[in-house]
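# Summary of the model geometry
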Amino acid sequence: MMLAAAAMAACSGCVGQSDGAATAVKHLSTALTAGDGAAVCAILAPDTRLAVAESTGTSCPEAISDQGLTPPGAIRAVDVYGQWARVVTEHDTVFLAAFGAGWKVVAAGCRSRGERPYDCRVQAG
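What counts as what
- Residue positions are given per chain, counting from 1 as you read along its sequence in written order.
- For a predicted model such as this one, the threshold for reporting local features is a pLDDT of at least 70, and the threshold for listing and counting side-chain atom pairs is 80 or more; totals across whole chains, interfaces and linings nevertheless cover every residue.
- The side-chain values count all of the structure's non-hydrogen atoms but skip hydrogen atoms and water molecules.
- A pair of Phe, Tyr and Trp rings is counted when the ring centres sit within 6.5 Å of each other, with Trp represented by its six-membered ring. The angle between the planes then sorts it: under 30 degrees is stacked, over 60 is edge-to-face, the rest tilted.
- Think of it this way: any DSSP run of H or I at least four residues long counts as a helix, any run of E at least two long counts as a strand, and we number them from the N terminus.
- Only protein chains enter the accessibility calculation, which uses a 1.4 Å probe; a residue is then buried when its area is under 20% of its type maximum, exposed when over 50%, and partly exposed in between.
- Values of pLDDT, which run from 0 to 100, indicate the predictor's confidence residue by residue.
- We call two residues in contact whenever any of their non-hydrogen atoms come within 4.5 Å of each other.
- Between N or O atoms, a polar contact is any pair within 3.5 Å; within protein, one atom must be a potential hydrogen donor and the other a potential acceptor, and residues adjacent in sequence are included only when both atoms are from side chains.
- For this document, the term salt bridge refers to a Lys or Arg side-chain nitrogen within 4 Å of an Asp or Glu carboxyl oxygen.
- Two cysteine sulfur atoms form a disulfide, by the criterion used here, when they sit within 2.5 Å.

## Quick look at the packing of aromatic side chains
- Applying the stated criterion across every chain yields a total of one aromatic pair.
- Each ring, one from Phe 95 and one from Tyr 118, has its centre 5.0 Å from the other, and the planes form 75°; the classification is edge-to-face. Here Tyr 118 lies in strand S5 (residues 116–123) and Phe 95 lies in strand S3 (residues 93–99), a separation of 23 residues in the sequence. Neither residue differs from the other here; Phe 95 and Tyr 118 are each classed as buried.

Structure, rendered in structure tokens:
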């Protein structure tokens, strides 16, 4: 998954983009706190939403509760690299991509493994 993260190039002047990525993660946190599977899935990128559904053979809103995601907590850092973003929170690292409709989560529930790629609970296959 995070091969894309390694290929990202730094983006200067991306304040508006970082605000958008942070807002998406705040929406994710609100949806997870409320237990609103449909709202969580609406924030996921299309391929990620499909991977969640395929993991259990049900719809994304039904399957998302089985993924072990918890609200990510307070935002500590937002890094934008062109069309990609990484949001580091109190309990999680969330990766996003820019789509026409705004920032969408491509991976969540991610933990750093040092030099190895992140281990994520939810990500596209």
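## Focus on the confidence of the model for the protein
- Predicted confidence across the protein gives a mean pLDDT of 87, with 86% of residues reaching 70 or more.
- Note on residues 1–15: pLDDT is under 50 here. Beyond four places in sequence and across chains, it has 20 contacts.

## Thoughts on the side chain of Gln 67
- By secondary structure assignment, the location of Gln 67 is in the loop between helix H5 (60–63) and strand S1 (75–81).
- A polar atom in the side chain of Gln 67 sits 3.1 Å from the side chain of Ser 55.
- Those residues within four positions of Gln 67 in sequence are excluded, and the remaining contacts are Val 52, Ser 55, Thr 56, Arg 121 and Val 122.

## Observations concerning the pattern of salt bridges
- Inspection of the entire model under this criterion finds two salt bridges.
- Of the charged contacts in the structure, one is a salt bridge between Asp 79 and Arg 86, with a shortest N-O distance of 2.5 Å.
- Asp 92 is the partner of Arg 111 in a salt bridge, and the nearest nitrogen-oxygen pair spans 4.0 Å. In this pair, Arg 111 sits in strand S4 (residues 102–113) while Asp 92 sits in the loop between strand S2 (84–89) and S3, placing the two residues 19 residues apart along the sequence.

## Considerations on the state of the cysteines
- Counted under the stated rule, the structure contains two disulfides.
- Disulfide partner of Cys 41: Cys 60, at an S-S distance of 2.0 Å. Across the disulfide from Cys 41 to Cys 60, rotation about the S-S bond amounts to roughly -90°, and the bridge is consequently left-handed. Note that Cys 41 is positioned in helix H3 (residues 37–43) and Cys 60 in helix H5, a separation of 19 residues in sequence. Neither Cys 41 nor Cys 60 differs from the other in exposure class; each is buried.
- Here Cys 110 pairs with Cys 120 through a disulfide, and the sulfurs are 2.1 Å apart. Measuring handedness by torsion sign, the sulfur bridge of Cys 110 and Cys 120 sits at about 115° and is right-handed. Placement of the pair is Cys 110 in strand S4 and Cys 120 in strand S5, with a sequence separation of ten residues.
- The exposure class assigned to Cys 120 is buried, which follows from its relative accessible area of 12%.

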